[in-house]
Amino acid sequence: MAKRNNDNRPIQDILKEFVKTNNLQSGLDKVNVREAWANLMGNGVNNYTTAIELKHETLYVQLSSSVLREELSYGNEKIVKMLNESIGKDVVKKLVLR
């Protein structure tokens, strides 16, 4: 029978430890980035977003509109900053729009 741990730690601490022990943080970061993109960009941009992928601190976003891609490219650095602020840590260093 497993030993029960009765040190009354907050669930948040236990979950953080579980995530760290099982190397789940990169997967969670990918989900958080997708959610942050959807929330920050709104329906207008999300309707043209066909794929979002986070690889090694680079966020690749595929858009079905070349006009929108061009428009968003001007605010590239601002978008990266807003995404990281939304997530609460520096997950994205570079944004590549395709």
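Since this is a predicted model, take the numbers as computed values, not measurements.

Caption draft 1: Examining the side chain of threonine 49 more closely. Relative to the assigned elements, threonine 49 resides in strand 1 (residues 49-55). There is a polar contact of 2.9 Å between the side chain of threonine 49 and the backbone oxygen of valine 45. Each residue touching threonine 49, except ones within four places of it in the same chain, is listed here: Trp37, Val61, Gln62 and Leu63.

Caption draft 2: Local environment of the nonpolar core. Membership of the largest hydrophobic core comes to 20 residues, with the highest contact counts inside it found for Trp37, Leu59, Leu72 and Leu95. When contributions to this core are tallied by element, the ones reaching two or more residues are helix 2 (25-46), strand 1, strand 2 (58-63), helix 3 (66-73), helix 4 (76-87) and strand 3 (94-97). A per-element tally of this core places helix 2 first, with 5 residues.

Rules of the game
- Here, residues in each chain are numbered from 1, in the same order as that chain's written sequence.
- Local features in this predicted model are restricted to residues whose pLDDT is 70 or higher, and side-chain atom pairs enter the listing and the counts only when it is 80 or higher, whereas totals over whole chains, interfaces and linings include all residues.
- Note that water and hydrogens are dropped before the side-chain values are worked out from all heavy atoms of the structure.
- Strands here are runs of E lasting at least two residues and helices are runs of H or I lasting at least four, both read from the DSSP assignment and numbered beginning at the N terminus.
- Polar contacts, as used here, are pairs of N or O atoms within 3.5 Å; protein pairs need one atom able to donate a hydrogen and one able to accept it. Residues neighboring in sequence count only if both atoms are side-chain atoms.
- Any two residues having at least one pair of non-hydrogen atoms within 4.5 Å are treated as being in contact.
- Buried Ala, Val, Leu, Ile, Met, Phe, Trp, Tyr and Cys residues that are joined via side-chain atoms within 4.5 Å together make up what is termed a nonpolar core.
- Here the term buried applies to any residue with accessible area under 20% of the maximum for its type, exposed to any over 50%, and partly exposed to those in between, with areas from a 1.4 Å probe on protein chains only.

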